[in-house]
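Chain and residue survey
Residues per chain are reported as follows:
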Amino acid sequence: MRAFITGVTGQDGAYLAQFLLDKGYEVFGLLRRSASSDVVADRLRWLGIDDQVQMIDGDLTDLSSLIRALERAAPDEIYNLAAQSFVKTSWNQPLLTGQVTALGAANMLEALRIAQPNARFYQASSSEMFGLVQRSEQNEHTPFYPRSPYGVAKLYAHWTTVNYRESFGLHASNGILFNHESPLRGIEFVTRKITDAVARITLNTARELTLGNLDARRDWGHAQDYVRAMWMMLQQDEPDDYVIASGRTTTVRDVCRIAFSHVGLDYRNHVRTDPIFLRPVEVDVLTGDAGKAQQVLGWAPQISLEAMIAEMVDADLVRQRGVLN
Ligand code: NDP
Ligand code: GDP
């Protein structure tokens, strides 16, 4: 089997590539040009698979590069994970977010139609589409109400995927994934920002951590559990959309408590807040109901929030010690 992953240098792309390589897939990844190419494949290097993924250069905003990439990779499965994925940045760069996160998905679907129409397609949809939540637990039937340019862009990509499935009979599925983290999470996201700070404070290279809204609640899971669900969706006879979540919601404050207590510290002595990290509007709370994925796919998360945060703190301690030595 051959798989093509956009966003292969990101958190999910790296874990998905590892998962598929372990299953014996030939894995191709889209690589956009960067002046910092020496650090671009850091996540793949961290997992020890950088020399096993076959990179093809291109960009989600450049349709012809996607067509050429598919002609070269000839994949059975396409995972569209590339995006401008950071919610806060989407208010500062709303048009770029639209071009990459929304229209980029349409580009990928067009490339598929033109170059590889029988490939199965996965779109990385997001719980951010629920935004101002319309039900206390969100599932596939919950109305969407996005609260950021990112959420709006993801909604366009989501419905385009549904529409292409219905219009052209494509095997195209949306995974509506709730927040998922790991040691490979981007450092701007709150969990990794916290675990990185815990490591620095432990090693005395930082004193405090400045955050925004400590009362926001998210349904956090582990990226390794969640990439398995992506693959499971593409193994079904029929394409469909699935919520992937842990079903447990936790405040940012509690994540601080868990992370600091892992190294024997009290977060209240180290965390302060600054309005600079608040958003124009907030997604206050997300809680997913992954009942359908459990029943149809047989998917269930295996890694707890506590175990994940401990793994992230330990990995950041390793990284920070490496910097000091
Ligand atoms: P990351 O931000 O870690 O990775 C994003 C990837 O997209 C990177 O490989 C990046 O490349 C690539 N990319 C960005 N712009 C372009 C472009 N114009 N052309 C080609 N590639 C591009 O995201 P995650 O791995 O965390 O998430 C994967 C997907 O799942 C994203 O679409 C995200 O929005 C979505 N999602 C994530 C959730 C989460 O909690 N992690 C929850 C729900 C959905 P580069 O390395 O060059 O920057
Ligand atoms: P998101 O759910 O995709 O926006 O993931 P983030 O990890 O960026 O943010 C999760 C929640 O943490 C949001 O409600 C943020 O407002 C909140 N948060 C509080 N302080 C911070 C911070 O300093 N950085 C980030 N990224 N989020 C913060």
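Conventions adopted
Residues numbered from 1 in each chain as written. Chains lettered and ligands numbered in written order. Predicted model: local features only at pLDDT ≥ 70, side-chain atom pairs only at ≥ 80, totals over all residues. Heavy atoms only, no water. Domains from an automatic or database assignment. Contact = heavy atoms within 4.5 Å. Buried area = accessible area lost by both parts, 1.4 Å probe. Salt bridge = Lys/Arg side-chain N within 4 Å of Asp/Glu carboxyl O. Polar contact = N/O pair within 3.5 Å; in protein donor to acceptor, adjacent residues only side chain to side chain. Helix = DSSP H or I, 4+ residues; strand = E, 2+ residues; numbered from the N terminus. Nonpolar A, V, L, I, M, F, W, Y, C, P; charged D, E, K, R; others polar. Expected span 1.5 Å × (residues − 1). Buried < 20%, exposed > 50% of the residue type's maximum accessible area, 1.4 Å probe, protein only. Near = heavy atom within 4 Å. Areas by Shrake-Rupley, 256 points an atom, 1.4 Å probe, with all protein chains shown as cover. Pairing = 2+ DSSP bridges. Axes fitted to C-alpha atoms, helices over the stretch in contact; angles between N-to-C directions. 1 Å grid on protein atoms, 1.4 Å probe; cavity = no way out; pocket = protein on both sides within 12 Å on 5 of 7 lines; lining within 4 Å. Points joined across faces, edges and corners; volume = space filled by probe spheres on them.

**With respect to the domain arrangement of the protein**
Each assigned domain of the protein is listed here: domain 1 (2–180 + 220–244) and domain 2 (185–218 + 249–282 + 304–324). Just the C-alpha atoms count here: the centres of domain 1 and domain 2 sit 27 Å apart. Contact with domain 1, which involves 15 residues of that partner, is made by 23 residues of domain 2. Across the domain 1/domain 2 interface, buried area totals approximately 1800 Å², and carbon plus sulfur atoms make up 62% of it. Counting across the interface, domain 1 meets domain 2 through one salt bridge. Along the contact surface separating domain 1 from domain 2 lie four residue pairs in polar contact (both at pLDDT 80 or more). Those elements giving two or more residues to the side of domain 1 that touches domain 2 turn out to be α3 (42–46) and β10 (221–222). Looking at the side of domain 1 that touches domain 2, its residues break down into five nonpolar, six polar and four charged.

**Notes on helix α12 (residues 305–324)**
Between its first and last C-alpha atoms α12 spans 28 Å; for 20 residues at 1.5 Å apiece the expected length is 28 Å, and the two agree. Listed as buried for α12 are Leu305, Met308, Ile309, Ala310, Met312, Val313, Ala315, Asp316, Leu317 and Gln320. Next to the buried residues of α12 lie α3, β7 (180–181), α8 (190–202), β10, β12 (250–251) and α10 (252–262).

**Focus: α10**
Within the sequence span of α10, burial applies to Val252, Val255, Cys256, Ile258, Ala259 and Phe260. On its buried face, α10 sits against α8, β8 (209–211), β12, β13 (271–273) and α12. Looking one or two places after α10, you find Gly264, whose phi comes out positive at around 80°.

**Structural notes on the site of ligand 2**
Around ligand 2 sit 17 residues, and of these Lys193, Gly212, Arg218, Arg279 and Glu282 come closest. One of the backbone nitrogen or oxygen atoms of Glu188 is found 2.9 Å away from a nitrogen atom of ligand 2. Burial of ligand 2 by the protein amounts to 96% of the accessible area it has alone, namely 530 Å². Per-class residue counts for the shell around ligand 2 are eight nonpolar, three polar and six charged.

**A look at the side chain of Ser65**
Structurally, Ser65 is set in helix α4 (residues 63–73). Among the residues examined, Ser65 registers a relative accessible area of 8% and is labelled buried. For Ser65, the residues in contact, after removing those within four places along its chain, are Gly58 and Asp59.

**Describing the site of ligand 1**
Taken together, 24 residues are adjacent to ligand 1, and Thr9, Arg32, Ser85, Tyr150 and Lys154 come closest. One of the backbone N or O atoms of Leu81 is found 2.8 Å from an oxygen atom in ligand 1. The separation between an oxygen atom of ligand 1 and a polar main-chain atom of Ala83 is 3.2 Å. For the shell around ligand 1, the leading source of residues is strand β5 (residues 120–126), giving three residues.

**A few points about the sheet that holds strand β3 (residues 54–57)**
Taken in spatial order, the seven strands make up an open sheet running β3-β2-β1-β4-β5-β6-β11, and their pairing is parallel. Sheet topology places β3 and β11 (241–244) at the edges, where each strand pairs with a single neighbour. Shown here is a sheet whose adjacent strand axes are inclined to one another by a mean of 20°, direction ignored. Pairing geometry for β5 and strand β6 (residues 172–177), over six bridges, is parallel. Across the sheet, the residue bridging to Ala124 is Gly175, located in β6. Lying over the sheet, helix α7 (residues 149–168) contacts β5, β6 and β11, oriented at roughly 150° with respect to β6.

**Observations regarding the pairing of β6**
Where burial is concerned, most of β6 is hidden: six out of the six residues are buried. Burial along β6 is two-sided: Ala172, Asn174 and Ile176 facing one way and Ser173, Gly175 and Leu177 facing the other are all buried. Examined bridge by bridge, β6 and β11 share four bridges and lie parallel to one another. Bridge assignment links Asn174 to a residue of β11, and that residue is Asp241.

**So, empty space enclosed by the protein**
On inspection of all chains with the given rule, the structure shows one cavity of 30 Å³ or more. Considering only enclosed or pocket space, the largest cavity measures out at about 30 Å³ in volume. Lining the largest cavity are Val87, Trp91, Glu128, Arg147, Ser148, Arg218, Arg279, Val281, Glu282 and Val283. In terms of residue class, the lining of the largest cavity is built from four nonpolar, one polar and five charged. Looking at the lining of the largest cavity, you find at least three residues from each of domain 1 (2–180 + 220–244) and domain 2 (185–218 + 249–282 + 304–324).

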